[in-house]
Amino acid sequence: MIEVQELTKRYGTTLAVDGLSFRVEPGRVTGFLGPNGAGKSTTMRAMIGLDRPTAGQVLIEGRRYEDLPRPLCTVGALLDAKALHGGRTVHGHLLGLARSNRIPDRRVAEVLEIVGLGAVADKRAKGLSLGMAQRVGIAAALLGDPAVLLFDEPVNGLDPEGILWIRELMKKLAAEGRTVFVSSHLMSEMALTAEHLIVIGRGRLLADTSVAEFIDRNSRSYIRIRTPQPERLLDVLAAAGIPATTGLDGSIEATGTTQETLGALVAEQQVTVYEISPQVASLEEAFMQLTSDAVEYRAGQGA
Ligand SMILES: Nc1ncnc2c1ncn2[C@@H]1O[C@H](COP(=O)(O)OP(=O)(O)OP(=O)(O)O)[C@@H](O)[C@H]1O
């Protein structure tokens, strides 16, 4: 469990995080969403003691990061995959980390197996592709078998196979009862990975919701009908028991029916129509709508 309590972080005049409070529960993947500059990385850095809060605090399994006796055994984080020491081998890098956290040497081989890097253990870190470096970062995060895992934009720059692999791994870690917190600026990615969402903008909480609820509320599907006889069409639809409303552009939006049913109905009732087309509001659109004020404010500020 992660508890963010009234967290505020200022960098000079920039208010990166502004009185943010939320909880991340174990046993499910929680997505952390927000447009660029919303404060996601800052919040995650504060979780593992890399940034000192201006005010407020973060508790990991009930304690502040500074008070954890062996931090890697409570929380593992993949914040910047490129933060690897280039000259060391993959095995050497992980061994150094393990020893500094009093984790037995044999755990290194175990995590290399989990992330599928057993074969490149003796390679130097600087020769690794981004996808492999990402896996080394994940191996490091898993070293202490922690109950809490943080991933900051883990799929950035990965190929489709790498993306799929990370998605499945995060779900598996959550299914084991761990707290898995993953940031992204893509709603569509989170819809495939996460069960719960924390959305922030301008350092403030915009939504704390399940993915299912977010999709339910925002991915409305309907059939658009353009007609020069809207009043008549609404009467015909009402008589047929088909729910319908008038859209912003004057077209009629019908739900719970099909194009075929509507086509037959308007032919039978001799209503003129120009278009009958299925529509689905995209999740990405819904997310942009939710965060648009936050983005505009920031753009305006910089101008
Ligand atoms: N070390 C720093 N010094 C000064 N300003 C910073 C620092 N780190 C972040 N900021 C500023 O704080 C704000 C939040 O940045 P942060 O990186 O936390 O956002 P983010 O949501 O992770 O964005 P992105 O998706 O672009 O990574 C931004 O305005 C950023 O410019």
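Just so it is clear, the structure is predicted and the values come from calculations on it, not from any experiment. Each chain carries its own residue numbering, running from 1 in the direction its sequence is written. A pLDDT threshold of at least 70 governs which residues receive local features in this predicted model, and a stricter bar of 80 or more applies before side-chain atom pairs are shown or counted, although totals over entire chains, interfaces and linings include all residues.

Visitor: Even after reading the chapter, I still don't get the environment of Ile 198, so can you show me in this structure?
Guide: The way it works is that DSSP assigns letters per residue, a run of H or I at least four long becomes a helix, a run of E at least two long becomes a strand, and they are numbered from the N terminus. Position of Ile 198 relative to the elements: it lies in strand β8 (residues 196–201). It is 21 Å that separates the C-alpha atoms of Ile 198 and Asp 80, two residues lying 118 residues apart in sequence.

Visitor: Honestly, the sheet that holds strand β3 (residues 29–33) in this entry has me stumped. Any pointers?
Guide: Strand pairing in a sheet is mediated by backbone hydrogen bonds. Such pairs are either parallel or antiparallel. Read from one edge to the other, the open sheet built from six strands follows the order β5-β6-β7-β3-β8-β9, with strand pairing classed as mixed. The open sheet terminates on both sides in strands that have one partner only, identified here as β5 (75–78) and β9 (204–210). Recorded for the sheet is a direction-independent mean angle of 15° between the axes of neighbouring strands. Inspection of the sheet shows β8 paired to β9 by six bridges, in the antiparallel sense. Paired with Ile 200 across the bridge in β9 is Leu 205. Any residue pair is listed as a contact if its two C-beta atoms, each placed from the backbone, are within 7 Å. Simply put, an axis is a line fit to the C-alpha atoms, just over the touching stretch for a helix, and the angle between two N-to-C directions goes from 0 to 180 degrees. Sheet strands in contact with helix α5 (residues 160–175) are β3, β6 (148–152) and β7 (179–184), and its direction is about 150° off that of β7. Its contacts with the sheet put helix α7 (residues 211–218) on β8 and β9, and the angle it makes with β9 is roughly 95°. When DSSP finds at least two bridges between two strands, those strands are taken to pair.

Visitor: What am I meant to see in helix α3 (residues 106–114) here?
Guide: What sets the pattern is the α-helix's 3.6 residues per turn: residues three or four places apart point alike. Here α3 has its buried residues at Val 108, Val 111 and Leu 112. Viewed end-on, α3 has its buried residues packed into an arc of 105°, placing them on one side of the element. Summarising the geometry of α3, the exposed residues directed more than 90 degrees from the buried face are Arg 106 and Glu 113. Positive phi shows up at Gly 116, right after α3, with a value of about 70°. With C-beta atoms placed from the backbone, a residue is labelled by how many other C-beta atoms lie within 10 Å of its own: buried for 20 or more, exposed for 12 or fewer, partly exposed between the two. This arc is built from the directions going out from the helix axis to the C-beta atoms.

Visitor: Sorry, what's going on with the domain arrangement of the protein here?
Guide: Interfaces are often sized by the amount of accessible area the parts lose when they come together. Domain boundaries shown here were taken from an automatic or database domain assignment. In terms of domain boundaries, the protein breaks down into domain 1 (2–216) and domain 2 (220–280). Computed from C-alpha atoms alone, the centre-to-centre distance between domain 1 and domain 2 is 47 Å.

Visitor: Before we go on, may I ask you to explain helix α2 (residues 90–100) in this structure?
Guide: All of the buried residues along α2 are Val 90, His 91, His 93, Leu 94 and Ala 98. When α2 is viewed along its axis, its buried side chains cluster within an angular range of 165° and face the same direction. For α2, exposure combined with an orientation more than 90 degrees from the buried face picks out Arg 99 and Ser 100. Along its buried surface, α2 packs onto α3 and α4 (130–142). Note on α2: the residue one or two positions beyond its end, Arg 102, has a positive phi of about 50°.

Visitor: Explanation requested: the site of the ligand in the structure shown.
Guide: Nearness rests on one distance test: the residue's C-beta atom, set from the backbone, must lie within 6 Å of the molecule or strand. By nearness alone, every residue bordering the ligand is listed as Tyr 11, Thr 14, Ala 16, Gly 34, Asn 36, Gly 37, Ala 38, Gly 39, Lys 40, Ser 41, Thr 42 and His 185. When contributions to the shell around the ligand are tallied by element, the ones reaching two or more residues are β2 (14–24) and α1 (40–47). Ranked by the residues each element gives to the shell around the ligand, the list is headed by α1, at three residues. Its residues assigned to classes, the shell around the ligand shows three nonpolar, eight polar and one charged. Here the nonpolar group is Ala, Val, Leu, Ile, Met, Phe, Trp, Tyr, Cys and Pro; Asp, Glu, Lys and Arg are the charged ones; every other residue, Gly included, is treated as polar.

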